[in-house]
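Secondary and tertiary structure notes
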Amino acid sequence: MKKIINKKSILSVLLAVLLMLSVVACGDKKDETKETEKETEQESEAKVEETEKEAEASEEADTEESADASAGKALEDGVLDLGTNAAFPPYEFYEGEEIVGIDPEIAQAVADYLGYELKIHDMEFANIIASIESGKVDGGIAGMTVTEERLESVNFSDSYATGIQSIIVTQDSDIEGPDDLEGKKIGTQFGTTGDQYAQDDFGEENVQSFDKGADAVVALNSGKVDAVIIDNEPAKSFVAANDNLKVLETDYTIEDYAIALTKTNDALLEEVNEALAALEESGKLQEIIDKYIKAE
Ligand code: ARG
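Residues numbered from 1 in each chain as written. Predicted model: local features only at pLDDT ≥ 70, side-chain atom pairs only at ≥ 80, totals over all residues. Heavy atoms only, no water.

Some remarks on the site of the ligand
Near the ligand there are 15 residues, and of these Glu-92, Ala-142, Thr-145, Thr-193 and Asp-231 occur at the shortest range. In this structure, a nitrogen atom belonging to the ligand sits 2.8 Å away from a side-chain N or O atom of Asn-85. Considering the ligand on its own, with 350 Å² of exposed area, one finds that the protein chains cover 100% of that surface. The residue inventory of the shell around the ligand, partitioned by class, reads 5 nonpolar, 6 polar and 4 charged. (Near = heavy atom within 4 Å. Polar contact = N/O pair within 3.5 Å; in protein donor to acceptor, adjacent residues only side chain to side chain. Areas by Shrake-Rupley, 256 points an atom, 1.4 Å probe, with all protein chains shown as cover. Nonpolar A, V, L, I, M, F, W, Y, C, P; charged D, E, K, R; others polar.)

Quick look at the structure:
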């Protein structure tokens with residue numbers, strides 16, 4: 001009996017020990033789990049912090065980048081605002097609601113090259129320089145001739161095209177060249193070089209200037225003026241639509257077209273010249289001109 005009791009008691013002691021052990025073990029396990037939980041918590045907290053920091057850092061980098069993007073650039077708002085007068089084919093004219101032509105395409109290519117958004121503002125040709133001076137626009141692209149007088153008010157980019165002042169007359173006209181314009185009524189577009197030359201050479205009283213070149217051509221068609229002095233490419237396109245008109249062979253003057261730019265931002269002038277040089281180099285400039293001016 002004793003033995004049995006002994007055995008039993010040994011067994012129960014053993015069981016008790018086992019139980020205790022398992023409880024302890026369980027406790028340990030719980031602690032362990034807690035610890036691992038804590039660790040993962042801490043770890044993930046750290047990770048969240050890290051990602052937050054990373055996000056912040058990359059946000060900072062982003063803003064730094066965009067700040068850099070405009071900081072290093074001439075136009076801080078990222079928009080290139082250019083004035084034009086879209087009544088001057090093939091340089092700028094309306095196709096439906098859209099302003100198309102050599103100038104808007106060159107302007108777009110320049111803006112793209114420089115990473116700017118382009119906004120074209122249509123206005124009277126004679127108002128473009130004043131709008132640049134008042135800061136309404138950053139510049140103007142309008143088949144605009146570089147002149148000493150305009151250089152007092154604006155910067156000019158390098159020239160991207162050559163223009164010629166031409167004379168348009170009716171088919172039956174006796175006017176054969178500039179010399180025959182003496183004492184005749186001459187139509188021009190107000191504020192253009194052609195307008196200025198006509199006044200200088202033939203007297204203000206003999207010059208009638210119109211808001212649009214096309215209006216001067218209408219006046220020529222109806223006999224109100226005897227000739228129109230205007231840039232050769234618009235002259236050709238106006239005449240193409242009028243059988244009884246012709247462009248005289250004699251070139252009145254030869255001039256350089258350039259983009260006018262605000263005098264208050266020399267960095268913009270540098271950027272635009274850099275863009276024009278790149279477009280010239282790549283052949284893009286010529287491609288745009290060839291698209292609108294077909295070789296004869
Ligand atoms: N080349 C001439 C000038 O600068 C005429 C330009 C007219 N341009 C125009 N978009 N209407 O005076």
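Topic: the pairing of strand β3 (residues 92-95)
Of the pairings in the sheet, the one linking strand β2 (residues 87-88) to β3 comprises 2 bridges and is antiparallel in character. Bridging from a neighbouring strand, Ala-87 pairs with Phe-93 of β3. The loop that links β2 with its antiparallel partner β3 comprises 3 residues. When β3 meets strand β4 (residues 98-100), the two strands line up antiparallel, connected through 3 bridges. Following the sheet pairing, Tyr-94 is matched in β4 by Ile-99. (Pairing = 2+ DSSP bridges. Helix = DSSP H or I, 4+ residues; strand = E, 2+ residues; numbered from the N terminus.)

Some words on the packing of aromatic side chains
Under the counting rule described, the total for this entry stands at 3 aromatic pairs. Centroid distance Phe-88 to Tyr-91: 6.0 Å. Interplanar angle 35 degrees. Geometry classified as tilted. As far as burial versus exposure is concerned, Phe-88 and Tyr-91 are alike and both buried. Among the aromatic residues, those joined into a cluster by ring pairs are Phe-88, Tyr-91 and Tyr-257. (Phe/Tyr/Trp six-rings, centres within 6.5 Å; stacked < 30°, edge-to-face > 60°. Buried < 20%, exposed > 50% of the residue type's maximum accessible area, 1.4 Å probe, protein only.)

Side note on the pairing of strand β12 (residues 253-261)
One ladder, built from 2 bridges, connects strand β6 (residues 139-140) with β12; its direction is antiparallel. Bridged to Gly-139 within β12 is Leu-261. Looking at chain direction, strand β7 (residues 155-170) and β12 are connected through 8 bridges and run antiparallel. Note on β12: the bridge partner recorded for Phe-156 is Ala-260.

Some details on helix α8 (residues 266-282)
Its 17 residues give α8 an end-to-end C-alpha distance of 25 Å, which sits within 8% of 24 Å, the value for a rise of 1.5 Å per residue. Among the residues of α8, those classed as buried are Leu-268, Leu-269, Glu-271, Val-272, Asn-273, Ala-275, Leu-276 and Leu-279. On its buried side, α8 packs onto β1 (79-84), α2 (102-114), β7, β12 and α9 (284-292). One or two positions beyond α8, positive phi appears at Gly-283, with a value near 90 degrees. (Expected span 1.5 Å × (residues − 1). Contact = heavy atoms within 4.5 Å.)

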